[in-house]
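Notes for the structure review
For reference, the chains in residue letters:
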Amino acid sequence: MSANNDNQITFDFIGRINSPYKEKFAIPRQPGLVSAAKGSITLINQANNEELVRGLTQFSHLWLLFIFHGTQQQGWKPLVRPPRLGGNKKLGVLATRSTFRPNPIGMSVVKLDYIEQIEKQIIIHISGLDLLDQTPIVDIKPYIPYSDSINGAQAGFAQQEPYQPLSVTFSAQAQDQIIKFQEKYVDLVLLIEQVLAQDPRPAYKKLNIDEKVYGMALYDLNILWQVQDNNTVDVLSLNKMN
Ligand code: SAH
């Protein structure tokens, strides 16, 4: 970190995320909504040192502070339209968890699974993440329930976990294909089910009959799906991307 002038500070990333989410589309809106999402943090440069994580495994959950590197270039506006409000009502950016913020900093609580060291490389395994692959990490802190979890806190339009309206089915083709990928990706079926139950479609698509075939990228798979009768998602096929 260095101070450039009175109003500016430059940070070095301390790590990078390895995530099954290879594109923004279909990433859940908050961590914890998709517990089957497993990823890891690779510590880099000076932060890649066993000493930095000594004692960390006594915590079950971590705060990750990160950079919204995938949307950073698009800048920000004072007002945003939260998807939770159907995408047609504007609120101040600081009243939302929008990625388009004055400083593109994100924060997520994730589950700490285990820490591994391969030769000199420290790798922190996590789950329940809502982060794009390769997201730069600027800080990691232990989650401290007595202070970080507040009973009875008010959360306005985001008081409840989003209602999950969709159930998920797999076509015969998808069931055949999934068998060969399951060995490599544990919990693949659960991951797909949890991601799709969130209904990743843009808000306006949910209002009318929607026959579109959507594609989403999880790991190196392109997964095609379609909404049936507005309450079921059918997974059509899974194909390896190049
Ligand atoms: N829990 C975080 C993120 C909330 S927004 C916070 O509250 O700050 C969640 C969305 O961030 C996801 O739906 C995903 O589309 C987006 N996202 C995740 N990682 C990103 C990245 N590196 N760049 C841009 N957008 C990202």
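Located above this text is the structure these notes cover.
Now for a look at the structure at hand.

1. Side note on the overall build of the protein
- Scanning the protein from terminus to terminus reveals three helices and 14 strands.
- Here the C-alpha atoms of the protein give a radius of gyration of 19 Å, agreeing with the 18 Å that 2.2 N^0.38 yields for 242 residues.
- With the C-alpha coordinates aligned to their principal axes, the bounding extent of the protein is approximately 55 × 45 × 40 Å.
- Across the 242 residues in the protein, those meeting the buried criterion constitute 39%.
- In the protein, of all internal contacts separated by at least 6 residues, the share reaching a separation of at least 24 is 69%.
- When the accessible area of the protein is evaluated, it comes to approximately 14,400 Å², of which 50% is carbon and sulfur surface.
- A gap of 8 Å separates the mean positions of the 23 positive and 23 negative side-chain charges of the protein.

2. Looking at the site of the ligand
- Close to the ligand lie 21 residues; Gln 30, His 69, Arg 97, Asp 130 and Thr 135 are nearest.
- Contacts to the ligand include Arg 97, whose side-chain N or O atom sits 2.5 Å from an oxygen atom.
- Note that a nitrogen atom of the ligand is positioned 2.9 Å from one of the backbone N or O atoms of Met 107.
- Surface burial for the ligand is 95%, taken as the share of its 570 Å² of free accessible area covered by protein chains.
- The leading source of residues in the shell around the ligand is strand E8 (residues 105–118), at three residues.
- Residues of the shell around the ligand, tallied by class, amount to nine nonpolar, eight polar and four charged.

3. With respect to helix H2 (residues 172–182)
- If you check which residues of H2 are buried, you get Ala 174, Gln 177, Ile 178 and Phe 181. Buried residues of H2, seen end-on, are gathered within an arc of 105° and therefore sit on one face of the element. Opposite its buried face, H2 presents the exposed residues Ala 172, Asp 176, Ile 179 and Lys 180, each directed more than 90 degrees away.

4. Describing the pattern of salt bridges
- As enumerated under the stated definition, the model contains nine salt bridges in all.
- Its salt-bridge partner being Lys 184, residue Asp 220 comes within 3.7 Å of it at the nearest N-O pair. Residue Asp 220 is found in the loop between strand E12 (213–218) and strand E13 (221–228), and its partner Lys 184 is found in the loop between H2 and helix H3 (188–197); the two are separated by 36 residues along the sequence.
- For Asp 210, the salt bridge goes to Arg 201, with nearest N and O atoms at 2.9 Å.
- A network of salt bridges, in which partner residues are shared, links Lys 38, Lys 111 and Asp 113.

5. A short note on the sheet that holds E8
- Read once around its circumference, the closed barrel built from six strands follows the order E3-E4-E9-E8-E5-E10, with strand pairing classed as antiparallel. Neighbouring strand axes in the sheet, compared pairwise and without regard to direction, differ in orientation by 45° on average.

6. Comments concerning the sheet that holds E12
- If you trace the four strands from one edge of the open sheet to the other, you get E11-E14-E13-E12, paired in mixed fashion. Pairing within the sheet leaves two strands with one partner each, and these edge strands are strand E11 (167–170) and E12. Ignoring strand direction, the axes of neighbouring strands in this sheet form an average angle of 35°.
- Against the sheet, H3 engages E11, E12, E13 and strand E14 (232–240), with an angle of about 135° to E11.

7. Examining the pairing of E14
- Pairing analysis gives four bridges linking E11 to E14, with the strands arranged parallel. When the sheet's bridge partners are listed, Ser 167 is paired in E14 with Thr 232.
- As paired elements, E13 and E14 share eight bridges and run antiparallel to each other. Within E14, the residue paired with Gln 226 across the bridge is Asp 234.

So, how was this worked out
- Residues numbered from 1 in each chain as written.
- Predicted model: local features only at pLDDT ≥ 70, side-chain atom pairs only at ≥ 80, totals over all residues.
- Heavy atoms only, no water.
- Helix = DSSP H or I, 4+ residues; strand = E, 2+ residues; numbered from the N terminus.
- Rg over C-alpha atoms; globule rule 2.2 N^0.38 Å.
- Buried < 20%, exposed > 50% of the residue type's maximum accessible area, 1.4 Å probe, protein only.
- Contact = heavy atoms within 4.5 Å.
- Areas by Shrake-Rupley, 256 points an atom, 1.4 Å probe, with all protein chains shown as cover.
- Lys, Arg positive; Asp, Glu negative; His and termini not counted.
- Charge placed at Lys NZ, Arg CZ, Asp CG, Glu CD.
- Near = heavy atom within 4 Å.
- Polar contact = N/O pair within 3.5 Å; in protein donor to acceptor, adjacent residues only side chain to side chain.
- Nonpolar A, V, L, I, M, F, W, Y, C, P; charged D, E, K, R; others polar.
- Arc of directions from axis to C-beta.
- Salt bridge = Lys/Arg side-chain N within 4 Å of Asp/Glu carboxyl O.
- Pairing = 2+ DSSP bridges.
- Axes fitted to C-alpha atoms, helices over the stretch in contact; angles between N-to-C directions.

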